[in-house]
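In case you want the letters, here they are:
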Amino acid sequence: MADSDRATTTASPRRIAAVVAAMVAMIAVPAALTLHTVRVPAVVDVKAADPSPYGYTISLLLFLIPIAAMLLWLFPKEGVRVSKHAFGWTIALLFPLGAGLDFFFAHLFFTFENKAATLGIVAPALGGGVPLEEYVFYFSGFVADLLFYIWLDEYWLTAYSVPIEKRMDFQRLLRFHPWSVICAIVLIASAILFRKLAIPEAGFPSYFIFLVAGAMTPSAALLPEALPVINWRAFSLTLFMMLLISLMWEATLGVPYHWWGFQPSRMLGISITAWDNLPIEEIFVWISVTYATVIVYEIVRRWKVSGRSVLGALLGHDLSAAVTGTVSD
């Protein structure tokens, strides 16, 4: 797979309809299989009744089936070409965020009461471990998120994709974006103040702060050079798709059936009662993930198509030479 020579096929209405049906099926089929695992209403004691055997495990198909469909059918069928290096680097850089959230903070932020909804395999994490499904969830989530964006950018909304020539035209990719830092500071300060003044119980909004930091750190360092090359229509539709999947997953399955839960003392303190008191933070998880993923992917993509070294691309020729101790011509 390469980054250049993007396919520009003109699809017939029948072909477009088939693709739309396939895109709906990518979500509908795993959703139906997952919902089928629910045997009794969530109002019962889910720990005693075992109402959704292997529900969390099977629900991972919500990410895995779209990944397989795009890689094995939609991409090859429509000639969509992906930079393997840009894709691999993006996942390698971002997956540690999700893995780190589970490994370091799961025992502080989350609960996993319904063990029968998983395979029962405990993966390493501080505080006693987490279900193996947690790591698969974050890995497949990042992959699905990025593939959705690539699919939309390279095929469905290709008219709005930035040409490769423009991606190669830059001096350096690492540029400070002060508004991202200001936004992060305002959000974190507001969260701490709200938790202290509005919630009588002791606590600290650690989870919200983690999400803000995870989204705004790439933005603060990379957004200026990512802005000109992001396909914003593809980004917005990717965001919508990920948010739709996430909310259905959380509100109807994960939280009501105790596949996972949340430590109230580590949350902001705003919850959605109609969705089994789902913390407001969960609405922002995949917004943060999609935002960070697209920024990192487009920056890595610019670096790879430029043919420069990583330091040369990030810092520019002059700064790169100064850092490495070489003299540029």
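Residues numbered from 1 in each chain as written. Predicted model: local features only at pLDDT ≥ 70, side-chain atom pairs only at ≥ 80, totals over all residues. Heavy atoms only, no water.

1. Considerations on the overall build of the chain
What counts, and what does not: Numbering of helices and strands runs from the N terminus, with a helix taken as a DSSP run of H or I at least four residues long and a strand as a DSSP run of E at least two residues long. Partly exposed residues are those whose accessible area sits between 20% and 50% of the maximum for their type, while under 20% is buried and over 50% is exposed, using a 1.4 Å probe and protein chains only. It only takes one pair of heavy atoms within 4.5 Å for two residues to be counted as in contact. Methods summary: accessible areas were calculated by the Shrake-Rupley approach with a probe of 1.4 Å, and residue burial reflects only the protein chains presented.
When helices and strands are counted, the chain shows 12 helices and 6 strands. A buried classification covers 48% of the 329 residues belonging to the chain. Of the contacts made within the chain by residues no fewer than 6 positions apart, 80% connect residues no fewer than 24 positions apart. In the structure as shown, the chain presents an accessible area of about 15,600 Å², 69% of it carried by carbon and sulfur atoms.

2. Quick look at the layout of surface pockets
Stated precisely, the cut-off is as follows: Here a cavity denotes a set of grid points, spaced 1 Å apart and computed over the protein atoms alone, in which a 1.4 Å probe fits but from which it cannot get out, and a pocket denotes an open set meeting protein on both sides within 12 Å along at least five of seven lines; residues with an atom within 4 Å of a point are reported as lining. Grid points are joined across faces, edges and corners, and a volume is the space filled by probe spheres set on the points. Throughout, the ten residues Ala, Val, Leu, Ile, Met, Phe, Trp, Tyr, Cys and Pro are labelled nonpolar, Asp, Glu, Lys and Arg are labelled charged, and all others, Gly among them, are labelled polar.
Roughly 330 Å³ of volume is contained in the largest pocket. Considering the residues around the largest pocket, the lining is formed by 18 residues, among which Phe262, Pro264, Asp276, Asn277 and Pro279 are closest to the centre. Among the residues making up the lining of the largest pocket, the classes are represented as 8 nonpolar, 7 polar and 3 charged. Within the residue set of the lining of the second largest pocket, elements represented by two or more residues are helix H5 (84-109), strand E1 (110-111) and strand E3 (130-131). Residue classes in the lining of the second largest pocket are distributed as 9 nonpolar, 8 polar and 2 charged.

3. Observations concerning the side chain of Thr57
The cut-off we apply is this: Pairs of N or O atoms within 3.5 Å make up the polar contacts considered here, provided that, within protein, one atom can donate a hydrogen while the other can accept it, and that residues adjacent in sequence are counted only when both atoms are side-chain atoms.
Of note, Thr57 is situated in helix H3 (residues 55-59). Here the side chain of Thr57 touches Glu133 through a polar contact of 2.6 Å, side chain to side chain. Other than its neighbours up to four places away in sequence, Thr57 contacts Ala117, Thr118, Leu119 and Glu133.

4. As for the confidence of the model for the chain
Definition in use: Confidence scores per residue from the predictor, reported as pLDDT, run from 0 to 100.
With 88% of its residues at a pLDDT of 70 or more, the chain has an overall mean of 87. Within the model, pLDDT remains below 50 along residues 1-10, and this stretch shows 21 contacts once partners closer than five positions in the same chain are excluded.

5. As for empty space enclosed by the protein
Scanning the model with the defined rule gives 2 cavities of 30 Å³ or more in all. The calculated volume of the largest cavity comes to roughly 160 Å³. Residue lining of the largest cavity: 13 residues in total, with Leu97, Phe142, Phe210, Leu211 and Val289 positioned closest to the centre. Those elements giving two or more residues to the lining of the largest cavity turn out to be H5, helix H6 (132-156), helix H9 (206-226) and helix H11 (281-306). Residues of the lining of the largest cavity, tallied by class, amount to 10 nonpolar, 3 polar and no charged. Its volume calculated, the second largest cavity comes out at about 120 Å³. Surrounding the second largest cavity, 13 residues form its lining, Phe137, Tyr138, Glu250, Trp260 and Glu282 being those nearest its centre.

6. Focus: the packing of H9 against H11
The test is simple: Here an axis means a line fitted to C-alpha atoms, over the contact stretch when the element is a helix, while the angle between two N-to-C directions is reported on a 0 to 180 degree scale. Orientation categories follow fixed angle ranges, with anything under 35 degrees roughly parallel, anything over 145 roughly antiparallel, 65 to 115 roughly perpendicular, and all other angles oblique. It is the rotation of the near helix from the far one that decides the hand of a crossing: anticlockwise by less than a right angle makes it left-handed, clockwise makes it right-handed.
It is at 9 Å that the axes of H9 and H11 come closest, and there the two elements cross at 25°. When the interaxial angle is binned, H9 and H11 end up roughly parallel. As H9 packs across H11, the resulting crossing turns out to be left-handed. Every residue of H11 that contacts H9 at Tyr207, Phe208, Leu211, Gly214, Ala215, Met216, Pro218, Ser219, Leu222, Leu223, Glu225 and Ala226 is listed here: Glu281, Glu282, Val285, Ser288, Tyr291, Ala292, Ile295, Val296, Ile299 and Arg302. Class assignment for the residues of the contact of H9 with H11 results in 15 nonpolar, 3 polar and 4 charged.

7. What about H6?
Quick reminder of the rule: Each helix should span, by expectation, one fewer than its residue count multiplied by 1.5 Å.
In this model, H6 (25 residues) spans 34 Å end to end at C-alpha, consistent with the 36 Å of a helix rising 1.5 Å per residue. The buried fraction of H6 is high, at 21 of 25 residues.

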